[in-house]
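As a plain string of letters, each chain reads:
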Amino acid sequence: MSHKHPVRTIAIDGPAGAGKSTLGLGLARHLGFLYFDTGVTYRAVALAVLRRGIAPEDEAAVSALAEGLHIEVLPPRPDDDLPYLVHLDGQDVTHALRSPEVDAVVSIVAAFPRVRRAMVAQQRRIASGRQAVVVGRDIGTVVMPDADLKIYLDASLEARAARRHLELTQRNVASRYSDVLEGLRQRDRLDSSRADSPLRPAHDAVILDSTELSAEETLAQALALVEARNAALAPHQSAP
Ligand code: DC
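Conventions we followed
- Per-chain numbering applies: the sequence of each chain, read as written, is numbered from 1 onward.
- Reporting of local features is limited, given that this is a predicted model, to residues whose pLDDT is at least 70; pairs of side-chain atoms are given and counted only at 80 or more, and all residues count toward the totals for whole chains, interfaces and linings.
- To get the side-chain values, take all heavy atoms of the structure and skip hydrogens and water.
- Helix numbering and strand numbering both begin at the N terminus, where a helix is a DSSP run of H or I of at least 4 residues and a strand a DSSP run of E of at least 2.
- The buried label applies to any residue whose accessible area, calculated with a 1.4 Å probe on protein chains only, is under 20% of its type's maximum; exposed applies above 50%, and partly exposed to all values in between.
- Only heavy atoms enter the contact rule, under which two residues are in contact if any of them lie within 4.5 Å.
- Here, Shrake-Rupley sampling with a 1.4 Å probe gives the accessible areas, and only protein chains in the shown set may cover a residue.
- As used here, the arc is the angular range of directions from the helix axis to the C-beta atoms.
- Strands were regarded as paired on the criterion that DSSP finds at least two bridges between them.
- Think of it this way: one heavy atom of a residue within 4 Å of a molecule or strand is enough to make that residue near it.
- Whenever two N or O atoms come within 3.5 Å, that pair is a polar contact, provided that in protein one can donate a hydrogen and the other can accept it, and provided that, for residues adjacent in sequence, both atoms are side-chain atoms.
- In this analysis, axes come from line fits to C-alpha atoms, helices being fitted only over the stretch in contact, and the angle between any two N-to-C directions falls in the range 0 to 180 degrees.
- Angle categories: roughly parallel below 35 degrees, roughly antiparallel above 145, roughly perpendicular from 65 to 115, and oblique for all the rest.

> Would you mind showing me how to read the overall build of the chain here?
If you tally the helices and strands in the chain, you get nine helices and eight strands. Principal axes of the C-alpha set define a box for the chain whose edges measure 60 × 40 × 40 Å. Relative to its full complement of 240 residues, the chain shows a buried share of 45%. Considering only residue pairs separated by 6 or more positions, the chain has 72% of its internal contacts joining residues 24 or more positions apart. As displayed, the chain has an accessible area near 12,100 Å², and 54% of this comes from carbon and sulfur atoms.

So, in structure tokens, the structure goes:
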């Protein structure tokens, strides 16, 4: 990757439960960039599908609906502890995107090729011209192949399951480690075998393995990558 300006766009991809959101939000807060979790665009499609009473399996109807939506991601208000705000056709839907009903149908609609094409276009528009940390599954490979820094955040299946299980338990959600492990194993299989945008590292991504790292250590390593990229540019910038 060669670029002549300090890092402005950072792509973070990786399997479910690797800690992409925690890292992405930490980086964005540290750098003063927009945090853009691209999963919200697929969640917005799912929400619209539920609100219009369309069957999530009706590929033609879901695709046509997705192609007509307008999604905006905005920085949070200063007094808010939300990481961002999401507007769907002008309406704030930030909270509605996290409902169990949306959880239940989002992976169905996110697999439709026309939905993905429409959302990739929205994601590029949302991120364009901004300093942003963009988090997803296919950001470095499909959405932003020209991102200034690409991080593929990995962790062992067992480490990801243990973190997810702990998080659920701390939120008083009944959870069994063996179920969480099996759920993640299935999502890995679906995500990596999907014909359209399968989960894989971009050829120029830095692979960061967080299996043995805390969230703080992972953030420190990612910040070091940003600093190294910026430092590599410094001699050119200071040349007379
Ligand atoms: O990360 P999440 O749970 O909010 O993602 C919601 C859904 O969207 C999930 O099924 C994965 C999918 N997704 C995707 O296919 N590509 C992305 N860039 C982001 C999310």
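> I would appreciate a short explanation of helix α4 (residues 100-109) in the present structure.
An α-helix turns once per 3.6 residues; consequently, residues spaced three or four apart project the same way. Buried residues of α4: V102, V105, V106 and V109, and no others. Buried positions in α4, seen along its axis, are confined to an arc of 130° and lie on one side of it. Facing away from the buried side of α4, by more than 90 degrees, are the exposed residues P100, A104 and S107. Buried residues belonging to α4 abut α2 (39-52), α3 (59-67) and α5 (113-127).

> In this structure, what is going on with the pairing of strand β6 (residues 132-135)? I would like to understand it.
In regular strands, side chains alternate between the two faces of the sheet. By the alternation rule, side chains of β6 split into A132 and V134 and V133 and V135, which are all buried. As defined by bridge partners, strand β1 (residues 9-13) adjoins β6 across four bridges and the pair is classed as parallel. Looking across to β6, one finds that A11 is bridged to V134. With four bridges connecting them, strand β2 (residues 34-37) and β6 associate as parallel partners. Looking at the pairing, L34 lines up with A132 of β6.

> What should I look at first to understand the site of the ligand in this one?
Surveying the vicinity of the ligand reveals the residues T38, G39, Y42, R43, R98, V106, S107, R116, G136, R137, D138 and R194. Within the side chain of R116, one N or O atom sits 2.8 Å away from an oxygen atom of the ligand. D138 places a polar side-chain atom, nitrogen or oxygen, 3.0 Å from a nitrogen atom of the ligand. In isolation the ligand offers 450 Å² of accessible surface; the protein chains occlude 88% of this area. Only α2 and α4 provide two or more residues apiece to the shell around the ligand.

> Sorry if this is basic, but what is going on with the packing of α2 against α4 here?
A pair of packed helices can be characterised by two numbers: the angle between their axes and the separation between those axes. α4 packs onto α2 with a crossing angle of 110° between their chain directions and a minimal axis gap of 8 Å. With respect to their mutual orientation, α2 and α4 come out roughly perpendicular. When α2 is examined against α4, the residues Y42, R43, V45, A46, L47, V49 and L50 are found in contact with a partner set consisting of E101, V102, D103, V105, V106 and V109.

> Please clarify how unusual backbone geometry should be interpreted in this entry.
Trans is the common state for peptide bonds, and a negative phi is the common state for residues other than glycine. Positive phi values are uncommon outside glycine, yet D89 reaches one of about 45°. One can find D89 in the loop between β4 (85-88) and β5 (91-92). According to the relative accessible area criterion, D89 is partly exposed, its value standing at 43%. Not every positive phi belongs to a glycine, and N172 is a case in point at roughly 60°.

> Is there a simple way to think about the sheet that holds β1 in this case?
Sheet strands associate in pairs through backbone hydrogen bonding, adopting either a parallel or an antiparallel arrangement. Ordered in space as β2-β6-β1-β7-β8, the five strands form an open sheet in which the pairing is parallel. If you trace the sheet from one side to the other, it starts and ends with β2 and β8 (206-209), each paired once. Each strand of the sheet is rotated relative to its neighbour by a mean of 20°, with strand direction disregarded.

> Would you mind showing me how to read the sheet that holds β5 here?
Across the sheet, three strands lie side by side as β3-β4-β5; this open sheet has antiparallel pairing. The open sheet terminates on both sides in strands that have one partner only, identified here as β3 (71-74) and β5. Judged from the two bridges that link them, β4 and β5 form a sheet pairing that is antiparallel. Note that in β5 the partner of L88 across the bridge is Q91. Where α2 meets the sheet, its contacts fall on β3, β4 and β5, and the angle it forms with β4 comes to roughly 45°.

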